[in-house]
Amino acid sequence: MVKRRKPSPTLVSDENPEWTAEDFARAQPAREVLPKLFGPKVAAEMLRPKRGRPVVAHPKSHVNIRLDADVVAAFRASGRGWQTRLNAALKDWLKRHSTGSTSKL
């Protein structure tokens, strides 16, 4: 038998106390409660499974690219989001060197 330890007092929340057996006995499934709170249409949307990333209008393409080590090091040294900044630098270069065929940028 596993002996339960008392929870740390710093982790116990007065606003959201640990559930008791009575709380679990009173609990109802979301599919029964949500239609009463939000209406059937909204509840159906809330309960519909959502999988994967949200669909975006212009998804990015995954590519393998070989860059000079000093270029990668410089962008990485700038911290989190370095790939996004590298993408922005490439977009900026395209805008400055464009022949008009990259109007979506």
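By convention here, each chain's residues receive numbers from 1 onward along its written sequence. Only residues with pLDDT of 70 or above have their local features reported here, since the model is predicted, and side-chain atom pairs are shown and tallied only from 80 upward, although totals for entire chains, interfaces and linings are computed over all residues. With hydrogens and water set aside, each side-chain value is computed from the structure's full complement of heavy atoms.

**Student:** Got a sec to walk through the packing of helix α4 (residues 69-77) against helix α5 (residues 82-96)? Specific residues and values, please.
**Tutor:** Closest axis-to-axis distance for the α4/α5 pair is 8 Å, and the angle between their directions is 120°. With respect to each other, α4 and α5 are oriented oblique. Crossing geometry of α4 relative to α5 is assigned as right-handed. Residue-level contacts link Val72, Phe75 and Arg76 of α4 to Trp82, Arg85, Leu86 and Ala89 of α5. Only Asp, Glu, Lys and Arg are considered charged in this grouping, and only Ala, Val, Leu, Ile, Met, Phe, Trp, Tyr, Cys and Pro are considered nonpolar; every other residue, Gly among them, is considered polar. Among the residues making up the contact of α4 with α5, the classes are represented as five nonpolar, no polar and two charged. As a rule, the C-alpha atoms of each element are fitted with a line to give its axis, helices using only the stretch in contact, and angles between N-to-C directions run from 0 to 180 degrees. A helix here means a DSSP run of H or I that spans at least four residues, while a strand means a run of E at least two residues long, and both kinds are numbered starting from the N terminus. With respect to orientation, any angle under 35 degrees is reported as roughly parallel, any angle over 145 as roughly antiparallel, any angle of 65 to 115 as roughly perpendicular, and every other angle as oblique. Two helices crossing with the near one rotated counterclockwise from the far one by less than a right angle form a left-handed crossing, whereas a clockwise rotation gives a right-handed crossing. Residue contacts are counted whenever heavy atoms from the two residues lie within 4.5 Å of one another.

**Student:** Describe the packing of aromatic side chains, and please don't skip the residues or the numbers.
**Tutor:** Within a pair of aromatic rings, the relevant descriptors are the distance that separates the centres and the angle that separates the planes. Put simply, two rings from Phe, Tyr or Trp (the six-membered ring, in Trp's case) pair if the centres are within 6.5 Å, and we call them stacked under 30 degrees between planes, edge-to-face over 60, tilted for the rest. For the structure shown, the criterion picks out one aromatic pair. Their ring planes at 65° and their centres at 4.9 Å tell us that Trp19 and Phe24 sit as a pair that is edge-to-face. The buried label applies to any residue whose accessible area, calculated with a 1.4 Å probe on protein chains only, is under 20% of its type's maximum; exposed applies above 50%, and partly exposed to all values in between. Classification of Trp19 by relative accessible area gives partly exposed; the value is 46%.

**Student:** For the pattern of salt bridges, give the residues involved together with the corresponding values.
**Tutor:** A pairing counts as a salt bridge when a side-chain nitrogen of Lys or Arg comes within 4 Å of a carboxyl oxygen of Asp or Glu. Taken as a whole and judged by the stated rule, the model has four salt bridges. Glu32 is paired through a salt bridge with Arg31; the nearest N and O atoms lie 3.5 Å apart. Exposure remark for Glu32: the relative accessible area of 37% places this residue in the partly exposed category. Between Asp92 and Arg96 there is a salt bridge, and its shortest N-O distance comes to 3.1 Å. With Asp92 and Arg96 both in helix α5, this residue pair falls four residues apart, about one helical turn.

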